[in-house]
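An overview of the molecular structure
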Amino acid sequence: MCSLQRNRKMKRSVPFEIFRYAAILLALGVTLIPILWMVSMAFKPIGEWSATGANLTWWPQNPTLSNFRFIFGESDSSLIVALDRTAMKPILSSLLSATFGTLIAMTAGTAAAYGLSRFGSGQNLPLALTQLRLFPPMAVMIPVMIMWAFLNLTDTWWGLALVYGIVTLPFAFWLMKTFFDDMPREIEEAGLVEGCSRWRVFTKITLPMMRAPLASAALFVFILNWSDYLIALLLTTREWVTVPVYMASLSSSMTGQLYGAKAALGLIAAIPPVIMGIAIQRHLVRGLTFGALKQ
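These figures come from a predicted structure and were not determined experimentally.

Points about the overall build of the protein chain
- Counting its regular elements, the protein chain contains 16 helices and 2 strands.
- Long-range pairs, those at least 24 residues apart, make up 73% of the contacts in the protein chain between residues at least 6 apart in sequence.
- A total of about 17,400 Å² of accessible surface is found on the protein chain, and carbon and sulfur atoms cover 69% of it.

Here is the structure:
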């Protein structure tokens with residue numbers, strides 16, 4: 001009887017397994033096709049990425065690095081256009097503003113989350129931080145633009161980093177508060193019993209144990225800052241534009257949108273988050289599942 005029921009269960013599960021793997025393959029295809037298309041477009045010459053209809057191919061017929069050389073200042077006679085600035089400074093601007101914005105958000109968010117989780121101080125703080133994300137970005141950015149112009153912080157990477165830190169502070173705070181709430185208080189209390197100060201317990205016990213959650217939260221906040229377009233568009237004009245803003249400007253009256261150059265820049269823009277993810281991958285899974293199992 002048991003073997004019969006097991007066989008029936010296996011027979012019923014075959015269609016489900018087929019459906020499950022088909023759904024996984026479909027989701028994988030939907031996710032990877034745009035990435036593969038960007039990679040293919042980045043190595044196509046203008047004659048291929050500007051083609052339409054039957055002339056459009058998935059893979060480059062004549063692979064070239066001209067799109068990469070073009071965005072870094074080398075002229076290309078086939079494009080009949082020259083850039084007024086290269087992609088080097090926008091990449092530097094994105095790196096500086098996203099990195100320092102992440103440091104500001106994670107430092108302030110971690111300190112605030114620890115204080116609220118352990119001491120219960122600032123009970124209205126979660127709601128106040130949440131309100132930063134409740135307003136439409138345009139409604140908040142108009143007064144910020146006026147204030148930043150008065151303080152001469154427009155078109156500077158440090159002014160952009162400060163806004164990034166403020167905007168992503170709620171994400172850092174709520175993520176870290178969840179992690180601190182899941183961490184057993186008994187570990188810290190044992191350190192206090194042994195004579196450690198609260199600051200020493202925080203720096204020598206709590207933070208080392210929170211490396212994985214810190215890495216996960218920092219990666220999430222960095223990606224938000226790195227991929228921002230609206231804030232950078234409003235607060236930068238020319239000197240310190242970021243990669244998304246610079247990418248939107250890659251167009252020509254002769255050829256229209258420079259899809260090959262945009263794909264090349266998009267491929268370069270994907271490198272920093274990938275490198276950061278690889279660097280913290282041993283902490284990433286543990287950080288994402290921190291507190292999932294409780295004793």
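Describing the packing of helix α7 (residues 157-167) against helix α8 (residues 169-182)
- It is the contact of α7 with α8, at a shortest axis distance of 4 Å, that shows an interaxial angle of 40 degrees. The angle between the axes of α7 and α8 places the two elements in the oblique class. Contact residues: G165, I166 and V167 in α7; L169, P170 and F171 in α8.

Observations concerning the packing of aromatic side chains
- Taken as a whole and assessed by the stated rule, the structure comprises 11 aromatic pairs.
- Where Y114 meets F202, the ring centres are 4.5 Å apart and the plane angle is 50 degrees; that geometry is what we call tilted. Of the two residues, Y114 is situated in helix α4 (residues 88-119) and F202 in helix α10 (residues 198-209); the sequence distance between them amounts to 88 residues. Pair check on accessibility: Y114 and F202 agree, each one buried.
- Centroid distance F173 to W174: 5.5 Å. Interplanar angle 75 degrees. Geometry classified as edge-to-face.
- We classify W174 as partly exposed; its relative accessible area is 37%.

Looking at the pattern of salt bridges
- Tallying each qualifying case throughout the model produces 4 salt bridges.
- The partner of R20 in a salt bridge is E17, and the shortest N-O contact between them spans 2.7 Å. A residue pair is termed a helical-turn pair when its members lie 3 or 4 positions apart in one helix, as R20 and E17 do in helix α1 (residues 2-42) at 3 residues.
- Taking the shortest distance from any N to any O, the salt bridge between K89 and E239 comes out at 3.2 Å. Residue K89 is located in helix α4, and its partner E239 is located in the loop between α12 (230-235) and α13 (243-248); the two are separated by 150 residues in the primary sequence.
- Among the residues examined, E239 registers a relative accessible area of 42% and is labelled partly exposed.

Describing the confidence of the model for the protein chain
- Here the protein chain shows a mean pLDDT of 81. Residues at 70 or above account for 84%.
- Mean pLDDT values over the elements of the protein chain span from 62, in helix α16 (residues 281-288), up to 91, in α7.

Thresholds applied
Residues numbered from 1 in each chain as written. Predicted model: local features only at pLDDT ≥ 70, side-chain atom pairs only at ≥ 80, totals over all residues. Heavy atoms only, no water. Helix = DSSP H or I, 4+ residues; strand = E, 2+ residues; numbered from the N terminus. Contact = heavy atoms within 4.5 Å. Areas by Shrake-Rupley, 256 points an atom, 1.4 Å probe, with all protein chains shown as cover. Axes fitted to C-alpha atoms, helices over the stretch in contact; angles between N-to-C directions. Parallel < 35°, antiparallel > 145°, perpendicular 65-115°, else oblique. Phe/Tyr/Trp six-rings, centres within 6.5 Å; stacked < 30°, edge-to-face > 60°. Buried < 20%, exposed > 50% of the residue type's maximum accessible area, 1.4 Å probe, protein only. Salt bridge = Lys/Arg side-chain N within 4 Å of Asp/Glu carboxyl O. pLDDT = per-residue confidence, 0-100.

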